[in-house]
Amino acid sequence: MKSITEFLKAKESGKKITVISTYDYWSAKLCEEAGIDAILVGDSLSMVIQGNDSTLPVTLEEMIYHTKAVKRGAPNTFIIVDMPFMSYHVSVEDAVRNAGKVLKETGANAVKIEGGRQMTDIISKLVSVGIPVMGHIGLTPQFINQLGGYKVQGKTEKDRERLIEDAKALEKAGCFSIVLEAVPSDLAKEITQSISIPTIGIGAGSNTDGQVLVFHDLIGIFEKTPKFVKRYLETGKLIKEALKNYKGEVENGVFPGKEHQY
Ligand code: KIV
C-alpha cells in the first residue's frame, strides 16, 4: 500500500489487506521483503518488547524511536503508528500536536486511535489537517482498567449495536480503516458490510477486509499466544535451542572452531 486510497480500492476489489504489528528495523525489513501491505507500530510494544503487563506505560517518545527504526527497515511500506495512552485524550490540540510530531519525526503515514464515537472530534480534526487515522474498536487495550481483562467484546445485543454505531461514526469522522479486535465473527461481518472503509480484524474471524497479527505472535516467540493467533513458526523454541548449543559448545571448547578464527 502506498496511500489510504489503496486501502479503499482493496475493499472495493475484494483484495484482502495484510497488516503486521512490529517495532524494529529487521522485522520491518522482512515484512517489506515479504510484501506485507502495511506495518502497524503497535503500542503492544509496551508488552511485547518492554515486558509491561499492559499497553499503558509506553510513551510517545518510545513510539517515535521504534517507528524510526521500522521506517529504516521498510522505507516503501505504509506505516501506521499507534498513538499511546494519554497522547490524544487530554484535548484536540494535544492530539494534533502529538500526532503531527509522530508523522513529522518518523516519516510514518498514519496514526491509529482507540475508541468509538467519543473520539470522533479528535479524529475529524486530525483528518482535516492531513493526518490519516485508523480507528480501533472492540477490545481496546488502552481501556483495560474499564474492560477488566482482555475479553471478547460485542457479545450482548446492546454491545453489538454500540459497536456497529461506533464503526459508522468512525467512518463519518474520516477514518480510512478500522481495526476490529476480539469480536465475534458474525458481528465483524455485519460491521464490515455496513461501512465503506476497510475493516482489519484481529480475533474477529475471516469476514473482515484484512487481518493484523503481532509479528512475535505469528513467528511463535513466546510459549503462549491467544486462541486467534496462528503460529506460523516456533521461533522461540529454535532460538532457545541455538542458545543452549552455543553455551554447550563454548563450555566444551567446540566454538570457536578453526573456521571462525583469524
Ligand atoms: O498494538 C497493537 O499491536 C495493536 C494491534 C494488535 C491491532 O493494536
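Residues numbered from 1 in each chain as written. Predicted model: local features only at pLDDT ≥ 70, side-chain atom pairs only at ≥ 80, totals over all residues. Heavy atoms only, no water.

Caption draft 1: Spatial organisation of the sheet that holds strand β8 (residues 210–214). Read around the closed barrel, eight strands run β1-β2-β3-β4-β5-β6-β7-β8, paired in parallel fashion. Pairs of neighbouring strands in the sheet enclose a mean axial angle of 25°, with direction left out of account. Looking at chain direction, strand β7 (residues 199–202) and β8 are connected through two bridges and run parallel. Across the sheet, residue G201 finds its bridge partner in β8, namely Q211. (Pairing = 2+ DSSP bridges. Helix = DSSP H or I, 4+ residues; strand = E, 2+ residues; numbered from the N terminus. Axes fitted to C-alpha atoms, helices over the stretch in contact; angles between N-to-C directions.)

Caption draft 2: Inspection of the domain arrangement of the chain at higher detail. Domains assigned within the chain are domain 1 (4–231) and domain 2 (235–262). Spacing between the C-alpha centres of domain 1 and domain 2 amounts to 39 Å. On the domain 2 side, the residues contacting the four residues of domain 1 number four residues. Summed over both partners, the interface of domain 1 with domain 2 comes to about 250 Å²; 42% of that surface belongs to carbon and sulfur atoms. Our count for the domain 1 to domain 2 interface comes out at one salt bridge. Here E223 and K240 are joined by a salt bridge, their closest N and O atoms 3.6 Å apart. The tally of links from domain 1 across to domain 2 stands at three residue pairs in polar contact (both at pLDDT 80 or more). The residue inventory of the side of domain 1 that touches domain 2, partitioned by class, reads two nonpolar, one polar and one charged. (Domains from an automatic or database assignment. Contact = heavy atoms within 4.5 Å. Buried area = accessible area lost by both parts, 1.4 Å probe. Salt bridge = Lys/Arg side-chain N within 4 Å of Asp/Glu carboxyl O. Polar contact = N/O pair within 3.5 Å; in protein donor to acceptor, adjacent residues only side chain to side chain. Nonpolar A, V, L, I, M, F, W, Y, C, P; charged D, E, K, R; others polar.)

Caption draft 3: Inspection of the pairing of β7 at higher detail. Side chains T199 and G201 project from β7 onto one buried face, and the interleaved I200 and I202 project onto a second face that is buried too. Inspection of the sheet shows strand β6 (residues 177–181) paired to β7 by four bridges, in the parallel sense. Within the sheet, the bridge partner assigned to I178 lies in β7 and is T199. Viewed along the sheet, the connection from β6 through helix α9 (residues 185–194) into β7 turns out right-handed. (Buried < 20%, exposed > 50% of the residue type's maximum accessible area, 1.4 Å probe, protein only. Right-handed = clockwise from strand over helix to strand, strands pointing away.)

Caption draft 4: Geometry of the side chain of N98. Within the secondary structure layout, N98 lies in helix α5 (residues 92–106). Setting aside chain neighbours within four positions, we find N98 in contact with L60, M83 and S87.

Caption draft 5: Geometry of helix α6 (residues 120–128). Every buried residue of α6 is listed here: T120, I122, I123 and L126. Around the axis of α6, the buried residues are gathered within 155° of arc, so they sit on the same side. Facing away from the buried side of α6 by over 90 degrees, the exposed positions are D121 and S128. Downstream of α6 by a residue or two, G130 has a phi angle that is positive, lying close to 95°. (Arc of directions from axis to C-beta.)

Caption draft 6: Here's a closer look at the site of the ligand. Surrounding the ligand, one finds S21, L40, G42, D43, S44, D82, K112, H136, V179, I202 and V212. Within the side chain of D82, one N or O atom sits 3.1 Å away from an oxygen atom of the ligand. Residue K112 places a side-chain N or O atom 3.0 Å away from an oxygen atom belonging to the ligand. Out of a free accessible area of 260 Å², the ligand has 95% covered by protein chains. Of the residues belonging to the shell around the ligand, the class tally is four nonpolar, four polar and three charged. (Near = heavy atom within 4 Å. Areas by Shrake-Rupley, 256 points an atom, 1.4 Å probe, with all protein chains shown as cover.)

Caption draft 7: Geometry of the nonpolar core. Within the largest apolar cluster, 51 residues are counted, with the highest numbers of intra-cluster contacts made by V111 and I113. Tallying contributions element by element places helix α8 (residues 157–173) first for this core, with five residues. Among the nonpolar cores identified, the runner-up in size contains 16 residues, and M1, F78, A110 and V179 belong to it. (Core = buried A, V, L, I, M, F, W, Y, C linked by side-chain atoms within 4.5 Å.)

Caption draft 8: Up close: the packing of α6 against α8. Viewed as axis vectors pointing N to C, α6 and α8 meet at an angle of 25°, and their least axial separation amounts to 8 Å. With respect to their mutual orientation, α6 and α8 come out roughly parallel. Here the hand of the crossing between α6 and α8 comes out right-handed. Residues T120, I123, S124 and V127 of α6 touch α8, and the partners they reach there are A169, L170 and A173. Counted by class, the contact of α6 with α8 contains five nonpolar, two polar and no charged residues. (Parallel < 35°, antiparallel > 145°, perpendicular 65-115°, else oblique. Left-handed = near helix turned anticlockwise from the far one by under 90°.)

Caption draft 9: Layout of helix α4 (residues 60–73). With 14 residues, α4 extends 20 Å between its outermost C-alpha atoms, agreeing within 8% with the 20 Å of an ideal straight helix rising 1.5 Å per residue. Listed as buried for α4 are L60, M63, I64, H66, T67, A69, V70 and G73. Against α2 (25–33), β2 (38–41), α3 (45–48), β3 (78–82) and α5 lie the buried residues of α4. (Expected span 1.5 Å × (residues − 1).)

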